[in-house]
Amino acid sequence: MKTTRPNRISSRTWIVMAALALTGQIAWAVENSWFNTFVFDMITPDPRPVAWMVAASAITATLTTLLMGTLSDRTRSRWGRRRPFILIGYILWGISTVIFPTVAYIKSSALAVIMVIIADSIMTFFGSTANDAAFNAWTVDVAAPDTRGRVEGVLNLSVFLAQIVAMVAAGMLIDTFGYFIFFYTLGGIVIVVGLIAGSLLQDAPLPPESDAPKRSFWAEFAELFSLDTLKNNRALFILLLFIMISSIGMQVSLPYLIVYLENYVGVSKSEFSIIGGAVMLGSAVFAIPFGLLADKWNKRRMIAIATVGSCLGGILLSLVKTLPMLAMTGLFWQAFAVAGGIASVAWLKDLLPEQNRGKFLGIRMIFWIAIPMVVGPWIGSTLIQRFGIPTSFNGEAGFIPVPIIFQVGSAIALLALIPLFFVRYKKAQPK
């Protein structure tokens, strides 16, 4: 039995959605950009802990989204279906963000490394529960087909605005006030927004009892990995293989990007904020028309062009040191990467089986997040240890990243074109 959804989304729901989306994306953007520099600046210049932290966070995010997303689907409570996960999750997400920088007080660097990985994983668990699993599912619950496009517009705009904030404001705030005040402020904002918006959030009506899950939680979760599903969707999994390899290539250098610019090139955090903001804005201006063109042209060719362009940009970035050239090559690198991501996601959605879309979006995280963020940073860390510039901080030995991480990362991303060769593009028919 299908549940009915209202055609009109109330102003209250739009405000709650925008607040939770923007706050959540800012928190994720900061974690992806600045947690790694915190480890390098405050704990140890050894690149291995960054790789371990990124890997642990990726695995935690993937498992949490799959498990807690399935759990929230099955929840039937007087407080609602998604609301308890969002309200409590955002508050605990903010508290764990506030606590995160206190690991720098630990005197033993070995213990500090262990605790920073645990702290980041705990924060990721709460963030993925509240945002990736419950909030994203809620946005589908409250949107009818004729409003879903506008909802996606709000969610995508929040990602873009969050990247601008993380790039432009974060570096300047850290340079001015330090890491502790910055993380305390960020965590406080997440707590306040989560408390207010989560309290105001109105859950969609629960499905009728006849639609309640009949099987056990684990039986339903196991369906995510059905071999029959894999066999019947060859083109989809080839595309996921492309996404995995290209994402590994990007993750070789991305976790160490700010550390590289600050310690090898000599760019301050505030200067990076200016460059990063310009690159993000320019990438959006370039990627949006590229994405529109992808709807009309062959997505496979568009992805191939974007992949080659992004790899070339990454190599060029590794060869320059002046701020204008860093901005230009960084724009070339990221604009094509964003454009390729738009085209690949669009093609992926064309290939999703109609009755199993949610299932495959969960599986996608394994290929897009978990594996790339385990393998890519490990390759980057290995390269830095082998070719990096030796350094030390508070008696801790480590290495400064060098240009080879961008060059190897680009070479790996180019290998993603191999599986792309084995899948044919067929324009999706409207349903």
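Only a predicted model underlies this, so the values are computations on that prediction, with no experimental measurement involved.

Scoring rules and cut-offs
- Residues numbered from 1 in each chain as written.
- Predicted model: local features only at pLDDT ≥ 70, side-chain atom pairs only at ≥ 80, totals over all residues.
- Heavy atoms only, no water.
- Pairing = 2+ DSSP bridges.
- Helix = DSSP H or I, 4+ residues; strand = E, 2+ residues; numbered from the N terminus.
- Phe/Tyr/Trp six-rings, centres within 6.5 Å; stacked < 30°, edge-to-face > 60°.
- Buried < 20%, exposed > 50% of the residue type's maximum accessible area, 1.4 Å probe, protein only.
- Lys NZ or Arg CZ within 6 Å of the ring centre and 35° of its normal.
- Salt bridge = Lys/Arg side-chain N within 4 Å of Asp/Glu carboxyl O.

Caption draft 1: Region of the structure containing the pairing of strand β1 (residues 389–393). Note: β1 against strand β2 (residues 396–400), five bridges, orientation antiparallel. Its bridge partner lying in β2, I389 is registered against I400. Counted along the chain from β1 to the antiparallel partner β2, the turn is two residues long, and its residue N394 has a positive phi close to 50°.

Caption draft 2: Layout of the packing of aromatic side chains. Taken as a whole, this structure holds 21 aromatic pairs when the rule is applied. Where F38 meets Y179, the ring centres are 5.3 Å apart and the plane angle is 80°; that geometry is what we call edge-to-face. Placement of F38 in helix α1 (residues 11–42) and of Y179 in helix α6 (residues 179–200) is noted, with a sequence separation of 141 residues between them. With a centroid separation of 5.5 Å and an interplanar angle of 65°, the aromatic rings of F125 and F126 are classed as edge-to-face. On the accessibility criterion, F125 (33% relative accessible area) is partly exposed. Three or more aromatic residues joined by ring pairs form one cluster here, namely F35, F38, F100, Y179, F182 and F183. Geometry around F387 places R386 over its ring, the cationic atom sitting 4.9 Å from the centre.

Caption draft 3: Structural detail: the pattern of salt bridges. Taken as a whole and assessed by the stated rule, the structure comprises three salt bridges. The partner of D46 in a salt bridge is R48, and the shortest N-O contact between them spans 2.7 Å. By relative accessible area, which is 35% here, R48 ends up partly exposed. For K269, the salt bridge identified is with E262, shortest N-O distance 2.7 Å. A residue is classified by how much of its surface remains accessible, and E262, at 24% relative accessible area, is partly exposed.

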